[in-house]
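Residue strings, one per chain:
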Amino acid sequence: MEQKKYFLDPPKILVVGFASIILIGAILLTLPAATTNGHGLSFLNALFTATSATCVTGLVVVDTGTTFTIFGQIVILSLIQVGGLGFMTFATFFALLLGKKISLKERILLQESLNNLSMEGIVKLARRIIIFTGVIEFIGALILTIRFSFDMPLRKAIYFGIFHSISNFNNAGFDLMGEFHSLTGYVEDPTVTLTVCLLIILGGIGFIVMNELYEYRAIKRVSLHTKIVLLTSAILVIVGTIGIFLLEYSNHLTLKPLSLTGKILGSLFQSVTARTAGANTLSIGDLTQSSLLLIILLMFIGASPGSTGGGIKTTTFTTLIGAVWSQIRGKEDVIFYRQRIEYETIYKALTVTFSGLFLVMFMTLVLTISEKGHEFLAILFEVTSAFATVGLSMGLTPELSDIGKILIMLTMFAGRVGPLTIAFAVTMRRNPDPFRYPKGKIMIG
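Conventions and cut-offs
Residues numbered from 1 in each chain as written. Predicted model: local features only at pLDDT ≥ 70, side-chain atom pairs only at ≥ 80, totals over all residues. Heavy atoms only, no water. Core = buried A, V, L, I, M, F, W, Y, C linked by side-chain atoms within 4.5 Å. Buried < 20%, exposed > 50% of the residue type's maximum accessible area, 1.4 Å probe, protein only. Helix = DSSP H or I, 4+ residues; strand = E, 2+ residues; numbered from the N terminus. Contact = heavy atoms within 4.5 Å. pLDDT = per-residue confidence, 0-100. Expected span 1.5 Å × (residues − 1).

A.B. asks: Honestly, the nonpolar core in this entry has me stumped. Any pointers?
C.D. replies: Nonpolar side chains tend to gather and get buried jointly when the protein is soluble and globular. The biggest cluster of nonpolar side chains holds 100 residues, and the ones touching the most others in it are Met299 and Ile408. The element contributing the most residues to this core is helix α8 (residues 122-148), with nine residues. In this structure, Ile228, Ala323, Phe336 and Ile346 belong to the second largest nonpolar core, which totals seven residues.

A.B. asks: Please clarify how the environment of Tyr343 should be interpreted in this entry.
C.D. replies: By the secondary structure assignment, Tyr343 is in helix α16 (residues 343-370). Taking the C-alpha atoms as reference points, Tyr343 and Asp333, separated by 10 residues in sequence, lie 8.5 Å from one another. Apart from residues no more than four positions distant in its own chain, Tyr343 is found in contact with Glu332 and Asp333.

A.B. asks: How should the confidence of the model for the protein be read in this particular structure?
C.D. replies: A low pLDDT means the predicted coordinates there should not be read in detail. Taken as a whole, the protein shows an average pLDDT of 87; of its residues, 86% reach a score of 70 or greater. Predicted confidence is poor over residues 1-7, with pLDDT under 50, and the contacts of this stretch with residues over four places away or in other chains come to 10 contacts.

A.B. asks: Could you clarify how one ought to interpret helix α14 (residues 289-301) in this entry?
C.D. replies: Note: α-helices contain 3.6 residues per turn, so residues at a spacing of three or four share the same orientation. The end-to-end C-alpha distance of α14, which contains 13 residues, comes to 19 Å, matching closely the 18 Å that a straight helix rising 1.5 Å per residue would cover. Looking at α14, one finds that the buried residues are Ser291, Leu292, Leu294, Ile295, Ile296, Leu298, Met299, Phe300 and Ile301. The elements touched by buried residues of α14 are α12 (224-248), α13 (260-273), α15 (314-328), α16 and α17 (376-387). Following α14 by one or two positions, Gly302 adopts a phi angle in the positive range, close to 75°.

A.B. asks: Just checking my understanding: could you explain the environment of His39 for this structure?
C.D. replies: Considering the arrangement of structural elements, one finds His39 in the loop between α2 (10-29) and α3 (43-54). For His39, a relative accessible area of 63% translates into the label exposed. Those residues in contact with His39 that lie beyond four places of it in its chain are Thr30 and Pro32.

A.B. asks: Explain unusual backbone geometry here, please?
C.D. replies: Peptide bonds are trans in most cases, and residues, glycine excluded, mostly fall at negative phi. A positive phi is found at Lys313, a non-glycine position, where the angle reads about 90°. Structurally, the position occupied by Lys313 is in the loop between α14 and α15.

In C-alpha cells form, the structure reads like this:
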C-alpha cells in the first residue's frame, strides 16, 4: 500500500506527464505532414524539438520557419502553450468546461504544478491563469500583427503575430523569421521590441504575482513574495540593460552601428530575453565575452516561481543574497520588508542553487568531451541556456552530435520540471529522523 502512494506522488506524476507530452509531440513531428520536405524529422531531432518546445526553451537543431509545415508549427505551438502553462492547468480547465468537480488529488497536483504555497483557491487561480493568458496573448498578437502587416501579407502577419505572441509570453523563444535570425531585423523597432519585452516579462513574473496585482484594487496589499519578485526582476532588467549597453557600445558587430535609440532597445531586449525567453535582436555569437558571461548569470537566475520561465528563480537568488548580507552584518535572521525568512526556505534556496549549478557544471564537463572542437564558453552558454530554459545560443545547437543532443535534452527537461521535483520523484517518501545527533563544529572560510 505504501508503494502505491509512492508511485502516485505529485512530483512523479508531473515528471511522467511532461515526458508523455514530449513523446507525443515527437511522434507527431516525425510525420511526413510535419516538414516541408514531406519526410518528417528523424526521431532524435523530433524528440529534441518537442523537448525544447514543451520545456519552453527555444533551442533548435533545425530552423522552425523553413523546416516545418503549418501542421508542424502548430504542433510546436501547442507544445509551447501546454508546456508553458502546465498540463495540469489545461486538464483543470477542460474539466471545468465539462462541469466536472476537481478532486483533492487533482488540486494537490495543480498546487505542485503551479509551485503555489497553498492549496486554497487553487482552482480559481487556474481559471484566472487561462483568462490572463488568453487576454495577454491576444493583445500581443494584435499589436504584432498590425506591425508585421507592413512587412508581409495580412494573413501571414496574423499567423506570425499569433505565433510570436504565444511563443514569447511562454518564454519559449521559437520564431518563424527563418535561418535562425530570430528578431534581429527589428532591433531598432520600438513596437516589436517593447511588445515582445512586455510579453516576456509578464510571462516571467509568475501567475501568482499577476493574480495579486489583479486583486490589488480590492485588497490594497501584496505579499512578500510579490514584492521580492517585482523588485528583483526590475533590478536584474536594469542592471542587465546597462551592462550590455556599456559592454557592447563599441562593438561594431552589435550595438555600434545602431542609433542611440537602437542601442538602448537592443540592450533592453537582450537583458529581458536572457531571463529565459530566448528570442534575440542582437547576434549572440557576435557579443563580447564579457556580455556573454553577464547573460549566462542572468540566464542562471532566470524568471520567477510559478511562471513560464526557468532558472533557479528570482526569489531563490534574492534569498541567498539576503542570507549572505545577514551573515556579513552579523545578523541571525534574514529580513525582507520587516518579515523574517524561515530557515527551511533558505535551505531550499541553497539546494535549488547547488543542484542547478552542479547540473550545469556536470553537463558542461561531459559536453566538452563529446563536442570537441567547440569553445568552452559556447558550451557553457548552451548548457546554461538549456537548464534555464532560455533558448539563446551561440550557434552550437545545430552542430551538436547525437550524444550532445541527448545531453541538452536531459538538461532542458531537468530545468523545466525542476531539479527538486525530479529528485523527489525518484526517491522514497522522506520520513523525519527518529532522533537528532549532537551538534558538531567545523571551520568555515
